[in-house]
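Here are the chains, one letter per residue:
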There are 4 protein chains.
Amino acid sequence: MKAFREKCGIVGVYGHPEAANLAYLGLSALQHRGQEAAGIVSSDGQVLVSHRGVGLVHDVFPEEIVRRLTGHASIGHNRYSTTGASQLKNAQPLVVEYGHGGLAVAHNGNLVNAETLRAELEASGSIFQSSVDTEVLVHLIAASRAETIEDRVVEALRAVRGAYALVFLSPEKLIAARDPYGFRPLVLGRVKGAWVVASETCALDLVDATYEREIEPGEIVVISDAGLASYRVSPSTVNTPCIFEYVYFARPDSTVFGRNVYQVRKELGRQLSAESGVPADIVVPVPDSGVPAAIGYAEASGLPFEMGLIRNHYVGRTFIEPRDAIRHFGVKVKLNAQRSVLEGKRVVVVDDSIVRGTTSRKIVKMIRDAGALEVHMRISSPPTTNPCYYGIDTPTRDELIASAHSVEEIGEYITADSLAYLSEAGLYAFLGGQRGGHCDACFTGNYPVQVEDQGVRQLVLFDAKDPR
Amino acid sequence: MKAFREKCGIVGVYGHPEAANLAYLGLSALQHRGQEAAGIVSSDGQVLVSHRGVGLVHDVFPEEIVRRLTGHASIGHNRYSTTGASQLKNAQPLVVEYGHGGLAVAHNGNLVNAETLRAELEASGSIFQSSVDTEVLVHLIAASRAETIEDRVVEALRAVRGAYALVFLSPEKLIAARDPYGFRPLVLGRVKGAWVVASETCALDLVDATYEREIEPGEIVVISDAGLASYRVSPSTVNTPCIFEYVYFARPDSTVFGRNVYQVRKELGRQLSAESGVPADIVVPVPDSGVPAAIGYAEASGLPFEMGLIRNHYVGRTFIEPRDAIRHFGVKVKLNAQRSVLEGKRVVVVDDSIVRGTTSRKIVKMIRDAGALEVHMRISSPPTTNPCYYGIDTPTRDELIASAHSVEEIGEYITADSLAYLSEAGLYAFLGGQRGGHCDACFTGNYPVQVEDQGVRQLVLFDAKDPR
Amino acid sequence: MKAFREKCGIVGVYGHPEAANLAYLGLSALQHRGQEAAGIVSSDGQVLVSHRGVGLVHDVFPEEIVRRLTGHASIGHNRYSTTGASQLKNAQPLVVEYGHGGLAVAHNGNLVNAETLRAELEASGSIFQSSVDTEVLVHLIAASRAETIEDRVVEALRAVRGAYALVFLSPEKLIAARDPYGFRPLVLGRVKGAWVVASETCALDLVDATYEREIEPGEIVVISDAGLASYRVSPSTVNTPCIFEYVYFARPDSTVFGRNVYQVRKELGRQLSAESGVPADIVVPVPDSGVPAAIGYAEASGLPFEMGLIRNHYVGRTFIEPRDAIRHFGVKVKLNAQRSVLEGKRVVVVDDSIVRGTTSRKIVKMIRDAGALEVHMRISSPPTTNPCYYGIDTPTRDELIASAHSVEEIGEYITADSLAYLSEAGLYAFLGGQRGGHCDACFTGNYPVQVEDQGVRQLVLFDAKDPR
Amino acid sequence: MKAFREKCGIVGVYGHPEAANLAYLGLSALQHRGQEAAGIVSSDGQVLVSHRGVGLVHDVFPEEIVRRLTGHASIGHNRYSTTGASQLKNAQPLVVEYGHGGLAVAHNGNLVNAETLRAELEASGSIFQSSVDTEVLVHLIAASRAETIEDRVVEALRAVRGAYALVFLSPEKLIAARDPYGFRPLVLGRVKGAWVVASETCALDLVDATYEREIEPGEIVVISDAGLASYRVSPSTVNTPCIFEYVYFARPDSTVFGRNVYQVRKELGRQLSAESGVPADIVVPVPDSGVPAAIGYAEASGLPFEMGLIRNHYVGRTFIEPRDAIRHFGVKVKLNAQRSVLEGKRVVVVDDSIVRGTTSRKIVKMIRDAGALEVHMRISSPPTTNPCYYGIDTPTRDELIASAHSVEEIGEYITADSLAYLSEAGLYAFLGGQRGGHCDACFTGNYPVQVEDQGVRQLVLFDAKDPR
């Protein structure tokens, strides 16, 4: 329903007799970060075995497949993808056989100079298998003259720029890395002597792993039979983790960048109430993502919290509408407004963000159709005015309603009696008011790293025509 | 997660140019009533066209299939099934070609004399295609000498006993019927001149249909180009609708048996607080079914409502556990306990029922592992002591922990600091305290209709061995 | 390529520990009798286990399926079918559960009063599952009041008229039957104490079974742990086996109706040479069915036998022709004319029959294009002037070129320098000249049994619209 | 049945509005050269579109796929493969996107220095996608600094050694090439202004193309809108075409290396009769490959030609044998010996070659079991003593019975009354007795090109474990 989508969740395991099974469970805990494809590669110390498929984790990995992914080490990847035709070809982990043996990699993020590097590599004879930016990394590694895999990885990472949380798997080693800005989360845990790396702590929880620490921005962690070693990509790091992980992406029960997401969201809701309170009868969340902020808002305002919108969790991505159109169809297949709760009430409805405004408009109308006297929309983040280049799939700037419209105009468009966003100051209130420690480019346009590539490759045309 | 399962959801449409599309949407709104198979039959006035498949509605019905189900009338069915092998063969709607042409039927409920009737029909030469009780109905209809389809249906319904909400489709007519006890819900709505029949009002909501009324216990409604006509199966009706629809099965945004489910559940929670309040810091629901009662409990008790358990909605039915077992695995793949919410707190956890006790035990331990000081389990219904024979798939009496154990014993088993169920009196509080107007056999053992069949048919063995 | 098609091959096994495996091998030997669907039902003495699928035997039955078809008795069926939509629903063996337990049946032939019987059965309440004539038999058996399965089968067979070779399987018994005219072949064999029944002896050969005898016209053979018993459907039998089995259908290495097919075909070729010899340089068969007759013709005429047409055995049923048409396309995908063999030669080309004439016309032109000086077509059977109602799928009379055209006209149409058919007298020469002992209705119009049914059922429309 | 297998058939089309359809038909005519996978790539002058799949051509290419392969140029490939797991990954044509755009290639043959070249390429950073030798070529082309595609191809071909018939497709050009020894066949034809390249002339015949000439050994033909241009890989060529194409591989109706295969085989049979005649009653071929030689033998000897072994063309690759073994099972599923033909006869059975001897042994016993008095095996080629390294999949030397056993010993092993092979001199009789103009390494061990690679790559292990 939300037009923002996290591109990926990743996981890595070392030192467990059923490493692939742990990766599979970790990916299922991270399913919210990518629902279109999943893959796991495992190692028994000598050869890599892989399986990837289109669909949810539990569809791609029936028991007989998990059992065939033998070995004590593994990496896994969930993917969100916009390209229809070549889903499987572009699925991760990428697996290659190169001069030094097998190598697999899974990536969450986006490299901003991948096109430039690819053109250089192709000019010297490299042949690419996919259209994903991640493949540039393996060609850089293959072309490196360094002797050890960790040195080749460091050399490759020094050439790329942008956002990355990465796990590599060679037959003997698991390597995890995070870019010097720390855009995307990556945490380290332990379970019964084994190491687990994952995008969020909810993956550690499911496999009974204890949370050790974050992989640091600019850090490379190499795990092998010799234990864990840590390296640095560059001496200087900036540390601007993505604030939208708190607002929307991460699972509420995860700890990311050192804080529990549910508590942050509740705090955003409390702050929102303090900034933009309004006389009302009930507080209603847009489920599921709006629930924690709505609980916070209700607590702070003293208003009753009610599930006035019920979500249908069984619906798939697209639904077929009759030609004879149904009111609010796109929203209604997922949410139903409860007349018994809303009728005759002044309603505060809490959501985490507004993208194009079309969904919010339908929700407001649906609540009013159910008998609400007033509908006050409250958003637990500032207006989203700029696209993300660091691993989140966002609409273009033109499609973001807040990029060209004032809050008043948006409020009119969505037909709310009032609309208020959280202030930028309020967004940082939970950090003690200190700004600048996060990437908030989607709200402010302050991009920590500039995008270097230009244009759309012809390969995309090729992808689209490939009938595979 | 819950061991109680509704066996089916049904829907019927008459007089709409895209009747199958409306049935498909209605089934998707009723997906919670059956997730294992789905089917739709449509009629253009002359021939019936059908499609059934194993899986969720949006998987079984891609757009090209929905388009091929042409015609102005349709019926549909969602199914929950325990039998693995023969899922498709036993899927509904049943479609037959008999002496008077084509006929399709979809059934929610359970016939308690089906085996007896089947034996009689087979003795006179009838050949059954499936092992579902519903097939008895079509053989009775085929064997009837009555002239009209409605008379044949009435004749057949007079022979069967038990629970049924039914929709039939002949090339020319849609027929809906409900047993004289009104065990299972069935409502009637209208949209732009068309008629819609469905198990719950949430299906009407999705297709923009207005709620007209319930199909009455013992009523048969016949809809054709001549309009709507109503018949009675028998002069006397009893009206004992299933109270468990309120407690657990129905969607909270539905109106069943004349009341909004969400409000009933909140009321059960308020009542539970009044009966069994306990000093505590927070109220936490077992999501999703426990949410409304927990909100009611929190409101009545004045304690804060918190989402201390986070549900993963992406998980499938079965997950593969590593040999090296994970604590609380079966529950943990669906729920994660939040330390940041629970640590150092006295927690009231609200659920709607306890079946075997194993899940509740894991939940209690999971909450305590997350740091809770005290865990008080509160159940928004009385102890479930008896199996259902009227269309709900329940464990046997032996497996119901409350059938042989006191509340104290159960509380000890689940390791809660305290356990309280709602009293029977409390259950009826929302009805003004009046008892007897519902079937509450699962709590009381008072079965309105006796079961006549005995034993397990040999066909089940056959089913199990059939490699199809 | 040929427009005549045998509708089925059948097999039955009793008393072998891997009865389903033997049925599977027997069906593979009988694959030429039906390539569109296959099915096997096995019994372990208590329950029937079945599997059916669309495709060739080795595609429908991978090893894991064969292993699951446990038991010491089995029946199997290959099917040729014209209906696209409902292939699987109409596939055989039919399996039903009726008042006396499980029963399966596989049928080669065609019942000429099935529609009439079906209407009667439906009027008294029977519900049919398929649109195959065979299902009438199981309803008659289910409706029978006789006590034993063999008596019920006899009672049912006395009601039906037409052509049938049948195998029935109940949990305890294998029953084989042949109609009183003996239209379709059915033989009995033994292997290591087990009994095998099959349409042709080539199925016995593959499983190392020795040929015992034919099932006699009008005979019912019942095989159980008590041994083999034989019954008669009616006191009088006629014995008019299908002569087209010799001409085209049966595999050349089979013995049917007591004679080896290859030798009969060679004899037909010798006779054809004697009747219609022509000065020529080489004799060329239309492979594969024309090979034995061409060898006979070559021997009798003293002309060299040459493979002037090469067959591509890998082609499927339909091939996609470019818009810019290819000469002789429909024939060329299966046959290629060899210039090195045909150039400058006077060619006798031998085929077994001509249906519409379009294929023969393309073959003649293709041979001439390859440089032949003269093309003399010789057909090893008389002109086919009438459709078959006894189990062969033939075009309608209007489509049979010989029904309305003289041999001269056909010769002109196919552009041969000369055309000759075998005479009716010649056809019987291999039997010592005696006529009347076979059904030759396709050549003569003398139908031993009249067709009773009329019209096309509406169910076919339903079949066509069913999107399954 | 035969343990020798051709590895591939290839085809290319340029200048036809339905180029992919012609490729598809050409591949179907070449299906005998590879039945495990098929692929087509087409070009509309700008982008390449591809489809590959596992199975026969008509299964891999349904009509909707063929229609999506738009454009005026195309190449196609049939593949025989021994590797089970990675069939699709190793299927051809290979398609890559490299620095100069898209390129596809299809290969028949085997490069004898591919491993060495691959190791060099990987050492400088190339990443390989598959385990087929052909991929070396595209990496050499990608690494070339030459300006035109034809110069890059020439540069790459000068680096490889071994056997190759190749077709390349870039968006603008079709390139065909044959190694300087001319091991594998490749012919050029025309149809209505379009060019067609194919392994054998039978592919030209099916699409109505006229045979123009062979692609010469060492020749590179470049076809584009500018017409056809011819280049040479090297100044010197040797021309040693594979004699086994005549003996077994090519379709009898093809012209390869300038001669019609059927006539060559008949001549081999005549020569065999002249060299090793024996008193007998009938001549029987092992169908289908032994038929032409048997016809030649029968003509030369004056003995009758009889189809004493009938082949079942419907059987798949593997059949499941009952535990209770069947005599001659492996052969019997494909061949049945006819008692009516063989009984009481002295039989000459003609086959083209003997590999391990196990099949011949079963055939001899099967014929004797059918009543033959004497069985004389005659082979229409010399003993096969050495494996092929030029594109034929052969057993190792140890498995070739003739590598370590005399003709007498082999005759005893197969239990024939007599065994005779064609002499080497006889093999060349049809060429006027001149030897040396062909590669006959499988008979003589005279390998025109030495094998340079050693060992088995570890990648094969990886392939075998990959569960995809």
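Residues numbered from 1 in each chain as written. Chains lettered and ligands numbered in written order. Predicted model: local features only at pLDDT ≥ 70, side-chain atom pairs only at ≥ 80, totals over all residues.

Undergrad: Looking at this structure, how should I read the overall build of chain A?
TA: If you tally the helices and strands in chain A, you get 17 helices and 23 strands. If one aligns the C-alpha atoms of chain A with their principal axes, the spans along those axes are about 70 × 45 × 45 Å. Put simply, 72% of the contacts in chain A that link residues at least 6 apart link residues at least 24 apart. (Helix = DSSP H or I, 4+ residues; strand = E, 2+ residues; numbered from the N terminus. Contact = placed C-beta atoms within 7 Å.)

Undergrad: So what exactly am I meant to see when it comes to the sheet that holds strand 14 (residues 227–232) of chain C here?
TA: All names here are of chain C. An order of 6-7-8-9-13-14 is seen for the 6 strands of this open sheet, with the pairing classed as antiparallel. Both outer strands of the open sheet, strand 6 (94–98) and strand 14, are each paired with one neighbouring strand and no more. For this sheet the average axis-to-axis angle between neighbouring strands, irrespective of direction, equals 20°. (Pairing = 2+ DSSP bridges. Axes fitted to C-alpha atoms, helices over the stretch in contact; angles between N-to-C directions.)

Undergrad: Explain the relation of the copies chain C and chain D here, please?
TA: Relative to chain D, chain C is turned by 180° and slid 0.0 Å along the rotation axis, the superposed coordinates differing by an RMSD of 0.1 Å. Seen this way, the second copy is the image of the first under a two-fold rotation axis. Measuring from the rotation axis to each C-alpha of chain C, the shortest distance belongs to His313(C), at 3.6 Å. The fraction of interface residues of chain C whose copies in chain D are also interface residues reaches 98%, indicating that both copies meet through the same surface. (Least-squares fit on C-alpha atoms with pLDDT ≥ 70 in both.)

Undergrad: Please explain the interface of chain C and chain D as it appears in this structure.
TA: One frequently used descriptor of interface size is the decrease in accessible area upon assembly of the parts. Each side of the interface is counted separately: chain C has 52 residues, and chain D has 51 residues. The set of elements that each furnish at least two residues to the side of chain C that touches chain D consists of helix 1 (19–29), helix 3 (63–68), helix 7 (201–206), helix 9 (261–276), helix 10 (291–301) and helix 12 (339–342) of chain C. Of the residues belonging to the side of chain C that touches chain D, the class tally is 25 nonpolar, 14 polar and 13 charged. (Nonpolar A, V, L, I, M, F, W, Y, C, P; charged D, E, K, R; others polar.)

Undergrad: Just to check I follow, could you spell out the domain arrangement of chain A for this structure?
TA: Residues and elements named next belong to chain A. Once the domains are mapped, chain A shows domain 1 (5–240) and domain 2 (259–313 + 326–444). Taken together, the contact pairs 15 residues of domain 1 with 8 residues of domain 2. Residue assignment for the side of domain 1 that touches domain 2 shows that the elements contributing at least two residues are strand 1 (5–6), strand 7 (101–111) and strand 8 (162–169). Per-element accounting of the side of domain 1 that touches domain 2 gives the leading share, 3 residues, to strand 7. Residue classes in the side of domain 1 that touches domain 2 are distributed as 4 nonpolar, 7 polar and 4 charged. (Domains from an automatic or database assignment.)

Undergrad: Please clarify how the sheet that holds strand 13 (residues 219–224) of chain B should be interpreted in this entry.
TA: The strands making up a sheet associate through hydrogen bonds between their backbones, and the pairing can be parallel or antiparallel. Residue and element names in this part refer to chain B. In space, the 6 strands of this open sheet follow the order 6-7-8-9-13-14, with antiparallel pairing throughout. At either end of the open sheet lies a strand with only one pairing partner, and these are strand 6 (94–98) and strand 14 (227–232). Along the sheet, successive strands turn relative to each other by an average axial angle of 20°, direction set aside.

Undergrad: Explanation requested: the environment of Pro285(B) in the structure shown.
TA: Residues and elements named next belong to chain B. Within the secondary structure, Pro285 sits in strand 17 (residues 282–285). Classification of Pro285 as buried rests on a count of 27 C-beta atoms within 10 Å. When the C-alpha atoms of Pro285 and Leu373 are compared, they prove to be 17 Å apart, with 88 residues separating the residues in sequence. Setting aside residues up to four positions removed in sequence, Pro285 forms contacts with Gly290, Val291, Ala294 and Val350. (Buried ≥ 20, exposed ≤ 12 C-beta atoms within 10 Å, placed from the backbone.)

Undergrad: I keep staring at the pairing of strand 9 (residues 174–178) of chain D and nothing clicks. Help me out?
TA: Residues in a regular strand point their side chains to alternate faces of the sheet. All names here are of chain D. For strand 9, a buried count of 5 out of 5 residues is recorded, marking the element as mostly surrounded by other parts of the structure. Side chains Leu174, Ala176 and Arg178 project from strand 9 onto one buried face, and the interleaved Ile175 and Ala177 project onto a second face that is buried too. In this structure, strand 8 (residues 162–169) lies alongside strand 9, joined through 5 bridges in antiparallel fashion. Considered in strand 9, the bridge of Leu166 is made with Ala177. The turn joining strand 8 and strand 9, which pair antiparallel and follow one another in sequence, is formed by 4 residues. Pairing between strand 9 and strand 13 (residues 219–224): 4 bridges, direction antiparallel. Residue Leu174 lies in a different strand from strand 13, and its bridge partner there is Ile223.

Undergrad: Just to check I follow, could you spell out the arrangement of the chains for this structure?
TA: For the non-touching pair chain A and chain C, the nearest C-alpha separation works out to 15 Å. The two units chain B and chain D never meet; even their closest C-alpha atoms stay 16 Å apart.

Undergrad: For this particular structure, what's the right way to read helix 1 (residues 19–29) of chain B?
TA: At 3.6 residues per turn, the α-helix brings residues three or four places apart onto the same side. Across the 11 residues of helix 1 of chain B, 11 count as buried, placing the element largely inside the fold. If you check which residues of helix 1 of chain B are buried, you get Ala19(B), Ala20(B), Asn21(B), Leu22(B), Ala23(B), Tyr24(B), Leu25(B), Gly26(B), Leu27(B), Ser28(B) and Ala29(B).

Undergrad: Would you mind going over the pairing of strand 5 (residues 73–79) of chain D with me for this structure?
TA: Residue and element names in this part refer to chain D. In terms of residue burial, strand 5 counts as a mostly covered element, since 7 of its 7 residues are buried. Of the two faces of strand 5, both are covered, the one formed by Ala73, Ile75, His77 and Arg79 as well as the one formed by Ser74, Gly76 and Asn78. Pairing of strand 2 (residues 8–14) with strand 5, which is carried by 7 bridges, proceeds in the antiparallel orientation. Within strand 5, the position partnered with Ile10 by the bridge is His77.

Undergrad: For this particular structure, what's the right way to read unusual backbone geometry?
TA: With glycine set apart, most residues show a phi of negative sign, and most peptide bonds adopt trans. In the segment running from Gln92(C) into Pro93(C), the intervening peptide bond is cis, with an omega of -5°. The topology assignment puts Pro93(C) in the loop between strand 5 (73–79) and strand 6. Residue Pro287(C) is joined to Asp288(C) through a cis peptide bond whose omega torsion reads -5°. Relative to the helices and strands, Asp288(C) is located in the loop between strand 17 (282–285) and helix 10. Positive phi, normally seen in glycine, also occurs at Asp208(A), with a value near 65°. Mapping Asp208(A) onto the fold places it in the loop between helix 7 (201–206) and strand 12 (210–214). Phi angles above zero are rare outside glycine, and His328(B) is one such case at about 55°. By the element assignment, His328(B) lies in the loop between strand 18 (309–311) and helix 11 (329–332).

Undergrad: Looking at this structure, how should I read the environment of Val364(D)?
TA: Residue and element names in this part refer to chain D. Position of Val364 among the secondary structure elements: in helix 13 (residues 358–369). C-beta crowding within 10 Å serves as the criterion here: with 24 such atoms nearby, Val364 is assigned to the buried category. Separated by 27 residues in the primary sequence, Val364 and Ala337 have C-alpha atoms spaced 9.9 Å apart. If near-sequence neighbours (up to four positions away) are discounted, Val364 is found in contact with Val375, Met377, Ile414, Thr415 and Ala416.

Undergrad: What should I look at first to understand the packing of helix 5 (residues 135–143) of chain A against helix 6 (residues 149–159) of chain A in this one?
TA: A packed helix pair is summarised by two numbers, namely the angle formed by the two axes and the spacing between the axes. All names here are of chain A. Between helix 5 and helix 6, the shortest axis-to-axis distance is 8 Å and the interhelical angle comes to 130°. One way to sum up the angle between helix 5 and helix 6 is to call them oblique. For the pair helix 5 and helix 6, the crossing hand works out as right-handed. Each of Leu137, Leu140 and Ile141 in helix 5 lies in contact with helix 6, whose residues at this interface are Arg152, Val153, Ala156 and Ala159. Classifying every residue of the contact of helix 5 with helix 6 gives 6 nonpolar, no polar and 1 charged. (Parallel < 35°, antiparallel > 145°, perpendicular 65-115°, else oblique. Left-handed = near helix turned anticlockwise from the far one by under 90°.)

Undergrad: Can you walk me through the confidence of the model for chain A in this structure?
TA: Residues and elements named next belong to chain A. Of the residues in chain A, 93% reach a pLDDT of 70 or more, and the chain-wide mean stands at 90. Below pLDDT 50 for its whole length, residues 455–468 participates in 26 contacts with residues either more than four positions away or in separate chains. Scoring the predicted complex yields pTM 0.84 and, for the interface, ipTM 0.91. (pLDDT = per-residue confidence, 0-100.)

Undergrad: Would you mind going over the environment of Glu299(B) with me for this structure?
TA: Position of Glu299(B) among the secondary structure elements: in helix 10 (residues 291–301). It is 9.0 Å that separates the C-alpha atoms of Glu299(B) and Ser273(B), two residues lying 26 residues apart in sequence. Residues in contact with Glu299(B), not counting those within four places in the same chain, are Pro304(A) and Arg270(B).

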